[in-house]
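Commentary on secondary and tertiary structure
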Amino acid sequence: MNRNFSETQKISNLKDALKDVVISDETVEKSAINRVIAEAYEAMKEKGYNPVNQIVGYIISGDPTYITSYKDARKKMSRIEQDELLEEIVNYYIENNL
């Protein structure tokens, strides 16, 4: 019985801690973009490509063949506009390095 109360208290504490957390549409969109970049990066790495060079080539040229089709990485990346992709990368760099 003591254990159940403790677990209930933990859930209550978690709810209290999260009550003021607001997730905006922009946050959801950015995390989706981050997830796609990460998935594409991993797919290219698994296939033996240099993911940074491939993503840079894709952004500069717009040629989707820079992104491997392995694990649907190309399809996922093509759903993101190139300017949104570049904006996300620059924002991430600024937030984490300046």
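This structure is a prediction, so every number in the text was calculated from the model and none was measured.

Scoring rules and cut-offs
Starting from 1, residues in each chain are numbered consecutively following that chain's sequence as written. Totals for whole chains, interfaces and linings use every residue, but because this is a predicted model, local features are given only for residues with pLDDT of at least 70 and side-chain atom pairs only at 80 or more, for both listing and counting. For the side-chain quantities, the full set of heavy atoms in the structure was used; hydrogens and water were omitted. What makes a salt bridge here is a side-chain nitrogen of Lys or Arg within 4 Å of a carboxyl oxygen of Asp or Glu, nothing more. In DSSP terms, a helix is any run of H or I states spanning at least four residues, a strand is any run of E spanning at least two, and both are numbered starting from the N terminus. Each residue's exposure class comes from its accessible area (1.4 Å probe, protein chains only) as a fraction of the maximum for that residue type: buried when under 20%, exposed when over 50%, partly exposed otherwise. Identification of polar contacts relies on pairs of N or O atoms within 3.5 Å, with a donor-acceptor requirement for protein atoms, meaning one able to donate a hydrogen and the other able to accept it, and with residues adjacent in sequence counted only if both atoms are side-chain atoms. To get an axis, fit a line to the C-alpha atoms, keeping to the stretch in contact for a helix; angles then go from 0 to 180 degrees between the N-to-C directions. Each angle is binned into one of four classes, with values under 35 degrees roughly parallel, values over 145 roughly antiparallel, values of 65 to 115 roughly perpendicular, and all other values oblique. Crossing chirality is assigned from the near helix's rotation relative to the far helix, an anticlockwise turn below a right angle marking it left-handed and a clockwise turn marking it right-handed. Contacts are residue-level and defined by heavy atoms, with any inter-residue pair within 4.5 Å sufficient. Classification of ring pairs rests on two measures: the distance between centres of Phe, Tyr or Trp rings, Trp counted by its six-membered ring, which must be within 6.5 Å, and the angle between planes, read as stacked under 30 degrees, edge-to-face over 60 and tilted in between. Here, over-ring charges are defined by two tests on the NZ atom of lysine or the CZ atom of arginine: distance to the ring centre within 6 Å, and angle to the ring normal within 35 degrees. Put simply, a nonpolar core is a bunch of buried Ala, Val, Leu, Ile, Met, Phe, Trp, Tyr and Cys residues held in one set by side-chain atoms that sit within 4.5 Å of each other.

With respect to the pattern of salt bridges
By the definition in use, this model includes two salt bridges. Here Glu39 and Lys76 are joined by a salt bridge, their closest N and O atoms 2.9 Å apart. Of this pair, Glu39 sits in helix α2 (residues 25-46) while Lys76 is found in helix α4 (residues 73-78), placing the two residues 37 residues apart along the sequence. The salt bridge partner of Glu46 is Lys71, with a shortest N-O separation of 3.0 Å. Placement of the pair is Glu46 in helix α2 and Lys71 in the loop between α3 (51-61) and α4, with a sequence separation of 25 residues. Taking the relative accessible area as the measure of exposure, Glu46 reaches 44% and is therefore partly exposed.

A short note on α3
Three or more residues of α3 are buried, namely Pro51, Gln54, Ile55, Gly57, Tyr58 and Ile59. Where α3 begins, one side-chain oxygen reaches toward the backbone nitrogen of Val52, 3.1 Å away; that side chain belongs to Asn50. Just beyond α3, the residue with positive phi is Gly62, at close to 80°.

Things to note about the packing of α3 against helix α5 (residues 82-97)
Two elements in contact, α3 and α5, have axes separated by 9 Å at closest approach and are oriented at 135°. Classified by the angle between their axes, α3 and α5 sit oblique to one another. Seen from above, α3 lies across α5 with left-handed handedness. Side by side, α3 and α5 meet where Ile55, Tyr58, Ile59 and Ser61 of the first sit next to Gln82, Leu85, Leu86 and Ile89 of the second.

A closer look at the packing of aromatic side chains
On inspection of all chains with the given rule, the structure shows zero aromatic pairs. Positioned over the ring face of Tyr70 is Lys47, at 5.1 Å from the centre of the ring.

Things to note about the nonpolar core
Note that soluble globular proteins tend to have their nonpolar side chains buried in a common cluster. In this structure, Ile67, Met77 and Leu85 are the most contacted members of the largest nonpolar core, which totals 14 residues. Among the secondary structure elements, those contributing two or more residues to this core are α2, α3 and α4. Of all the elements, α2 adds the most residues to this core, at six residues. When sequence neighbours within four positions are dropped, the list of residues in contact with Met77 reads Val36, Ile37, Ala40, Tyr58, Ile67 and Leu85.

Topic: the side chain of Gln54
By secondary structure assignment, the location of Gln54 is in helix α3. What Gln54 contacts, discounting residues up to four positions off in sequence, is Met44, Tyr49, Tyr66 and Ile67.

Digging into the environment of Glu84
Turning to its location among the elements, Glu84 is positioned in helix α5. Note on Glu84: relative accessible area 29%, which makes it partly exposed. Distance in space between the C-alpha atoms of Glu84 and Ile33 is 8.4 Å, their sequence separation being 51 residues.

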